[in-house]
Amino acid sequence: QVQLVESGGGLVQAGGSLRLSCVASGGTFSRYTMAWYRRAPEKQRELVARINSGGNPIYADSVKGRFTISRENAKNTVYLQMNSLKPEDTAIYYCAWVDSSGSLSFAWGQGTQVTVSS
(Lines give C-alpha, C1' and ligand atoms only; values in the text may rest on other atoms or scores of the structure.)
Protein backbone atom coordinates (compact mmCIF):
# COMPACT_ATOMS: atom_id res chain seq x y z
CA GLN A 1 0.00 0.00 0.00
CA VAL A 2 1.40 3.37 -1.03
CA GLN A 3 1.69 5.98 1.70
CA LEU A 4 2.37 9.66 1.11
CA VAL A 5 3.65 12.10 3.71
CA GLU A 6 3.83 15.84 3.03
CA SER A 7 5.93 18.41 4.81
CA GLY A 8 7.13 21.97 4.38
CA GLY A 9 3.99 24.00 4.94
CA GLY A 10 3.87 27.03 7.17
CA LEU A 11 3.18 30.74 7.50
CA VAL A 12 4.85 33.12 5.07
CA GLN A 13 4.38 36.72 4.02
CA ALA A 14 3.11 37.61 0.58
CA GLY A 15 5.95 37.51 -1.92
CA GLY A 16 7.76 34.83 0.02
CA SER A 17 8.59 31.24 -0.85
CA LEU A 18 8.02 27.76 0.50
CA ARG A 19 9.01 24.31 -0.69
CA LEU A 20 6.69 21.40 -0.04
CA SER A 21 7.93 17.82 -0.05
CA CYS A 22 6.04 14.57 -0.36
CA VAL A 23 7.73 11.27 0.39
CA ALA A 24 6.19 8.08 -0.95
CA SER A 25 6.61 4.60 0.46
CA GLY A 26 5.28 1.19 -0.41
CA GLY A 27 5.42 1.24 -4.19
CA THR A 28 7.43 1.90 -7.35
CA PHE A 29 7.59 5.67 -7.15
CA SER A 30 9.48 6.22 -10.39
CA ARG A 31 6.53 4.86 -12.39
CA TYR A 32 3.93 7.10 -10.77
CA THR A 33 2.33 10.29 -11.94
CA MET A 34 2.30 12.55 -8.89
CA ALA A 35 0.26 15.66 -8.25
CA TRP A 36 -0.22 18.49 -5.82
CA TYR A 37 -3.75 19.66 -5.05
CA ARG A 38 -5.00 22.32 -2.68
CA ARG A 39 -8.20 23.15 -0.89
CA ALA A 40 -8.78 26.70 0.28
CA PRO A 41 -11.40 27.54 2.92
CA GLU A 42 -14.93 27.24 1.51
CA LYS A 43 -13.61 26.26 -1.92
CA GLN A 44 -13.38 23.01 -3.82
CA ARG A 45 -10.16 21.10 -4.11
CA GLU A 46 -8.19 22.07 -7.19
CA LEU A 47 -5.20 20.73 -9.07
CA VAL A 48 -2.06 22.80 -8.59
CA ALA A 49 0.47 20.80 -10.60
CA ARG A 50 1.11 17.32 -11.90
CA ILE A 51 4.27 15.55 -13.04
CA ASN A 52 4.44 12.26 -14.90
CA SER A 53 7.01 9.51 -14.70
CA GLY A 54 9.01 11.20 -17.46
CA GLY A 55 9.26 14.41 -15.48
CA ASN A 56 6.87 16.40 -17.64
CA PRO A 57 4.86 18.92 -15.62
CA ILE A 58 1.55 20.69 -16.04
CA TYR A 59 0.31 23.60 -13.95
CA ALA A 60 -2.88 25.35 -13.06
CA ASP A 61 -3.05 28.75 -14.74
CA SER A 62 -3.16 30.44 -11.34
CA VAL A 63 0.33 29.19 -10.42
CA LYS A 64 2.15 29.18 -13.77
CA GLY A 65 5.42 31.03 -13.56
CA ARG A 66 5.39 30.97 -9.74
CA PHE A 67 5.30 27.29 -8.76
CA THR A 68 7.55 24.46 -9.90
CA ILE A 69 6.87 20.76 -9.44
CA SER A 70 9.78 18.36 -9.55
CA ARG A 71 10.63 14.84 -8.50
CA GLU A 72 13.65 12.99 -7.16
CA ASN A 73 13.08 9.31 -7.79
CA ALA A 74 16.11 8.22 -5.80
CA LYS A 75 14.44 9.71 -2.72
CA ASN A 76 10.85 8.75 -3.64
CA THR A 77 10.03 12.43 -3.29
CA VAL A 78 8.04 15.00 -5.21
CA TYR A 79 8.48 18.71 -4.51
CA LEU A 80 6.47 21.85 -5.00
CA GLN A 81 8.57 25.00 -5.00
CA MET A 82 6.28 27.97 -4.44
CA ASN A 83 7.58 31.47 -5.12
CA SER A 84 5.93 34.89 -5.15
CA LEU A 85 3.24 33.56 -2.86
CA LYS A 86 -0.06 35.41 -2.63
CA PRO A 87 -2.73 35.40 0.09
CA GLU A 88 -5.00 33.52 -2.30
CA ASP A 89 -2.51 30.63 -2.25
CA THR A 90 -3.54 29.97 1.35
CA ALA A 91 -4.86 26.41 1.50
CA ILE A 92 -4.20 22.90 2.65
CA TYR A 93 -1.90 21.30 0.08
CA TYR A 94 -2.18 17.60 -0.65
CA CYS A 95 0.12 15.25 -2.47
CA ALA A 96 -1.49 12.49 -4.54
CA TRP A 97 -0.60 9.52 -6.69
CA VAL A 98 -2.81 9.75 -9.77
CA ASP A 99 -3.17 8.15 -13.16
CA SER A 100 -1.51 9.76 -16.17
CA SER A 101 -4.58 11.83 -17.02
CA GLY A 102 -5.22 12.86 -13.46
CA SER A 103 -8.71 11.41 -13.62
CA LEU A 104 -8.13 8.75 -11.00
CA SER A 105 -6.38 8.97 -7.65
CA PHE A 106 -4.86 6.03 -5.84
CA ALA A 107 -3.34 7.53 -2.70
CA TRP A 108 -3.38 10.84 -0.82
CA GLY A 109 -1.25 12.42 1.81
CA GLN A 110 -2.63 13.96 4.97
CA GLY A 111 -2.09 17.52 3.77
CA THR A 112 0.07 20.40 4.89
CA GLN A 113 -1.20 23.90 5.68
CA VAL A 114 0.16 26.87 3.76
CA THR A 115 -0.84 30.32 5.01
CA VAL A 116 0.20 33.47 3.19
CA SER A 117 -0.26 36.72 5.06
CA SER A 118 -0.77 40.04 3.31
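Colleague: Go over the pattern of salt bridges, please, and point to the residues and values.
Modeller: In total, this model carries five salt bridges according to the counting rule given. Put simply, Arg66 and Asp89 hold a salt bridge, and the shortest N to O gap is 2.7 Å. Linking Arg66 in the loop between β6 (57-59) and β7 (67-72) with Asp89 in the loop between β8 (77-82) and β9 (91-98), this pair joins segments that are 23 residues apart in sequence. Assigned by exposure class, Arg66 and Asp89 land together as buried. Ionic pairing is found between Glu72 and Lys75, a salt bridge with its closest N-O pair at 3.9 Å.

Colleague: Give a detailed account of the pairing of strand β3 (residues 18-25), specifying residues and quantitative values.
Modeller: Pairing of strand β1 (residues 3-7) with β3, which is carried by five bridges, proceeds in the antiparallel orientation. Counted as the bridge partner of Val5 is Val23 from β3. Pairing of β3 with β8 involves six bridges; the strand directions are antiparallel. Looking across to β8, one finds that Cys22 is bridged to Val78.

Colleague: So what about the sheet that holds β3? Which residues, and what values?
Modeller: Spatially, β1-β3-β8-β7 is the arrangement adopted by the four strands of the open sheet, whose pairing is antiparallel. The two strands at the open ends of the sheet, each matched to only one other strand, are β1 and β7. For this sheet the average axis-to-axis angle between neighbouring strands, irrespective of direction, equals 15°.

Colleague: Tell me about the environment of Lys75, and please be specific about residues and values.
Modeller: Tracing the backbone through its elements, the reader meets Lys75 in the loop between β7 and β8. The class of Lys75 is exposed, set by a relative accessible area of 51%.

Colleague: An account of the pairing of strand β4 (residues 33-39) is requested, with residue identities and associated values reported.
Modeller: Counting buried residues in β4 gives six out of seven residues, a clear majority hidden from the surface. Pairing between β4 and β9: seven bridges, direction antiparallel. Within the sheet, the bridge partner assigned to Thr33 lies in β9 and is Val98. Where β4 lies against strand β5 (residues 46-51), five bridges are found, and the strand directions are antiparallel. Bridge pairing links Trp36 to Ala49 in β5. Hairpin geometry of β4 and β5 is characterised by an intervening segment of six residues between the two adjacent antiparallel strands and by a positive phi of about 65° at Glu42.

Colleague: Residues and numbers for the packing of aromatic side chains, please.
Modeller: We describe a pair of aromatic rings using the distance from one ring centre to the other and the angle between the two ring planes. A complete count under the given rule lists four aromatic pairs for this structure. Between the aromatic rings of Tyr32 and Trp97, the centroid separation amounts to 4.1 Å while the plane-to-plane angle is 25°, which identifies the pairing as stacked. Within this pair, whereas Tyr32 is found in the loop between β3 and β4, its partner Trp97 is found in strand β9, the two being separated by 65 residues in sequence. Trp97 carries the same exposure label as Tyr32, and that label is buried. With a centroid separation of 6.5 Å and 80° between ring planes, the pair formed by Tyr94 and Trp108 is classed as edge-to-face. Residue Tyr94 is located in strand β9, and its partner Trp108 is located in strand β10 (residues 105-108); the two are separated by 14 residues in the primary sequence. Taken together, Tyr32, Trp97 and Phe106 form an aromatic cluster joined through their ring pairs.

Cut-off values and rules
Residues numbered from 1 in each chain as written. Predicted model: local features only at pLDDT ≥ 70, side-chain atom pairs only at ≥ 80, totals over all residues. Heavy atoms only, no water. Salt bridge = Lys/Arg side-chain N within 4 Å of Asp/Glu carboxyl O. Helix = DSSP H or I, 4+ residues; strand = E, 2+ residues; numbered from the N terminus. Buried < 20%, exposed > 50% of the residue type's maximum accessible area, 1.4 Å probe, protein only. Pairing = 2+ DSSP bridges. Axes fitted to C-alpha atoms, helices over the stretch in contact; angles between N-to-C directions. Phe/Tyr/Trp six-rings, centres within 6.5 Å; stacked < 30°, edge-to-face > 60°.

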